[in-house]
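An overview of the molecular structure
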Amino acid sequence: MAMPARLKARMGTYVLKQKLAGRKKFPLLVELEPLFACNLSCGGCGKIQHPASVLKQRMPVEQAVGAIEESGAPMVSIAGGEPLMHPQIAEMVDELIKRKKYVFLCTNALLMPRKIDQFTPSPYFTWTVHIDGLRERHDASVEKEGVFDQAVANIKDAQQRGFKVATNTTFFSDDTPQSVIDVLDYLNDELKIDNMQISPAFAYEKAPDQDHFPGVEQTRELFKKAFANGRRKRWRLNHSPLFLDFLEGQIDFECQAWAIPSYSLFGWQKPCYLMSDGYAQTYRELVEETDWSKYGRGRDSRCDNCMAHCGYEPTAVMATTNSLKESIRALTDV
């Protein structure tokens, strides 16, 4: 696995402490959305469909940090929208790092040249750049030419400055095993990305493009073929082996979205960042007052085609920590 040894140890200790304390529901990572505005209009994204009055809002640093501290999560993924549009984003990152939180700043990379001098390399900080395929495919996904080349140039600049850089790639129904292989080979072998996250697309209700979200069987077939011949073992994928097994249909899990919750301008989103059934004011309220039995495949039709990491990676992580065999496998193999 690509996860740094320090972070592996931190997460292992954290999960053990939660279990010893008798907590059945706790966060592994918080998806923090301090704004919804973006400088791109991607067809598969439902975030920028909010009213203009909402898109103008920016979460105060104190509110963002307070929510993360209240949850107790050791990791934070700052997304949006485009977080580099937030005027205090560097201060937000600094405050979280001061509290020893591992911060992953998700970005389309276009604003990195203007903002990168505000950040300092740290073992607690990683740029996470969204790359949805090679040049033609990525630019089509974000609906703007030239974005891929700009992102690659800015990734290389960040690497030269000593930053850790990860990528996040979403795959849609028109992807093929070869398109998966091509982009992961490029990111792994040519760009030398520190680690890569992958996810099948989820059908956002407000996404402009509703025609390219894959179903469960299509997703399993896609990754089964892409992972064949031992390919997944050489890619620096930032996922547990069991989650990769899940993607290719070797094992099935129940959703545990409470472990990767979303906190946005509206509060803690129920039940996850992909669906919106209301908001809680605290993480504890989210956990205790959400009827989790209502969600998941076979329970809510909106969940039927979901295989997103926010719901199923946590289940894979919990299953890993409950098994000595899987724990060893996570440390040594994928």
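Scope of this entry: the structure provided in the associated data block.

Rules used in this analysis
- Residues numbered from 1 in each chain as written.
- Predicted model: local features only at pLDDT ≥ 70, side-chain atom pairs only at ≥ 80, totals over all residues.
- Heavy atoms only, no water.
- Buried < 20%, exposed > 50% of the residue type's maximum accessible area, 1.4 Å probe, protein only.
- Helix = DSSP H or I, 4+ residues; strand = E, 2+ residues; numbered from the N terminus.
- Contact = heavy atoms within 4.5 Å.
- Pairing = 2+ DSSP bridges.
- Axes fitted to C-alpha atoms, helices over the stretch in contact; angles between N-to-C directions.
- Parallel < 35°, antiparallel > 145°, perpendicular 65-115°, else oblique.
- Left-handed = near helix turned anticlockwise from the far one by under 90°.
- Nonpolar A, V, L, I, M, F, W, Y, C, P; charged D, E, K, R; others polar.
- Salt bridge = Lys/Arg side-chain N within 4 Å of Asp/Glu carboxyl O.
- Phe/Tyr/Trp six-rings, centres within 6.5 Å; stacked < 30°, edge-to-face > 60°.
- Arc of directions from axis to C-beta.
- Polar contact = N/O pair within 3.5 Å; in protein donor to acceptor, adjacent residues only side chain to side chain.

Digging into helix α4 (residues 89-98)
Most of α4 sits inside the fold, with seven of its 10 residues counted as buried. Residues I89, A90, M92, V93, E95, L96 and I97 constitute the buried set of α4. Its buried side turned inward, α4 meets β1 (29-32), α3 (61-71), β2 (75-78), β3 (102-107), α5 (112-115) and β4 (125-130). Just downstream of α4, K100 is the residue with a positive phi angle, here 60 degrees.

Description of the sheet that holds strand β9 (residues 275-280)
Sheet strands line up and pair through hydrogen bonds in the backbone, either parallel or antiparallel. Here nine strands make up an open sheet; going across it, the order is β6-β5-β4-β3-β2-β1-β7-β8-β9 and the pairing mixed. Two strands bound the open sheet, and with one partner strand each, they are β6 (195-200) and β9. Direction aside, neighbouring strands of the sheet carry axes that sit 25 degrees apart on average. Bridging between strand β7 (residues 262-264) and strand β8 (residues 267-272) involves two bridges; their strand directions are antiparallel. Bridged to S264 within β8 is G267. Contacts between helix α1 (residues 5-20) and the sheet are confined to β2 and β3, with β3 contributing the most and set at about 115 degrees to the helix.

Overview of the pairing of β1
Residues L29 and E31 point to one face of β1 and V30 and L32 to the other, with burial holding for every one of them. As paired strands, β1 and β2 are joined by four bridges and run parallel to one another. Bridge pairing in β2 places L29 opposite M75. As paired elements, β1 and β7 share two bridges and run parallel to each other. Residue pairing across strands places E31 opposite S262, the latter belonging to β7.

Quick word on the packing of helix α8 (residues 177-190) against helix α9 (residues 216-226)
Axes are the key here: two packed helices are described by the angle between their axes and the distance separating the axes. At a closest axis distance of 8 Å, the pairing of α8 and α9 adopts a crossing angle of 55 degrees. It follows from the interaxial angle that α8 and α9 lie oblique. Once α8 is placed against α9, the crossing between them reads as right-handed. Touching P177, V180 and I181 of α8 are L222, K225 and A226, all from α9. For the contact of α8 with α9, a count of residues per class yields five nonpolar, no polar and one charged.

Topic: the pattern of salt bridges
For the coordinates displayed, the defined rule picks out 21 salt bridges. Here E95 and K98 are joined by a salt bridge, their closest N and O atoms 3.2 Å apart. Remark: K98 and E95 occur in helix α4; sequence separation between them is three residues, near one turn of the helix. Judged by its relative accessible area of 60%, K98 is exposed. With a shortest N-O distance of 3.4 Å, E221 and K225 are connected by a salt bridge. Of this pair, E221 and K225 are both found in helix α9, four residues apart, which corresponds to roughly one turn of the helix. Judged by its relative accessible area of 38%, E221 is partly exposed. Classification of K225 as partly exposed rests on a relative accessible area of 45%. What you see here is one network of salt bridges that share partners, running through R232, D245, E248, E326 and R329.

Notes on the packing of aromatic side chains
Tallied over the full model, the rule gives 19 aromatic pairs. Ring centres 5.5 Å apart and planes at 45 degrees place the aromatic pair F36 and F266 in the tilted group. Of this pair, F36 sits in the loop between β1 and α2 (52-55) while F266 is found in the loop between β7 and β8, placing the two residues 230 residues apart along the sequence. When its relative accessible area of 30% is taken as the criterion, F266 is described as partly exposed. Taken together, F119, F125, W127 and F163 form an aromatic cluster joined through their ring pairs.

Quick notes on helix α6 (residues 135-142)
Within α6 the residues assigned to the buried category are H138, D139, S141 and V142. Projected down its long axis, α6 shows its buried positions confined to an angular sector of 155 degrees, all on one face. Those residues of α6 that are exposed and angled more than 90 degrees off the buried face are E136 and A140. Once α6 finishes, E143 follows within two positions and takes phi at roughly 60 degrees, a positive value.

What to know about the side chain of N108
Note that N108 resides in the loop between β3 and α5. In terms of polar contacts, N108 uses its side chain to reach the side chain of N39, at 2.8 Å. Beyond its immediate chain neighbours, meaning those up to four positions away, N108 contacts C38, N39, L40, E82, V129 and A151.

Some thoughts on the packing of α3 against α4
Viewed as axis vectors pointing N to C, α3 and α4 meet at an angle of 30 degrees, and their least axial separation amounts to 10 Å. What the angle tells us is that α3 and α4 run roughly parallel. Handedness of the crossing formed by α3 with α4: right-handed. Across the interface between the two elements, V61, A64, V65 and I68 of α3 pack against E91, M92, E95 and L96 of α4.

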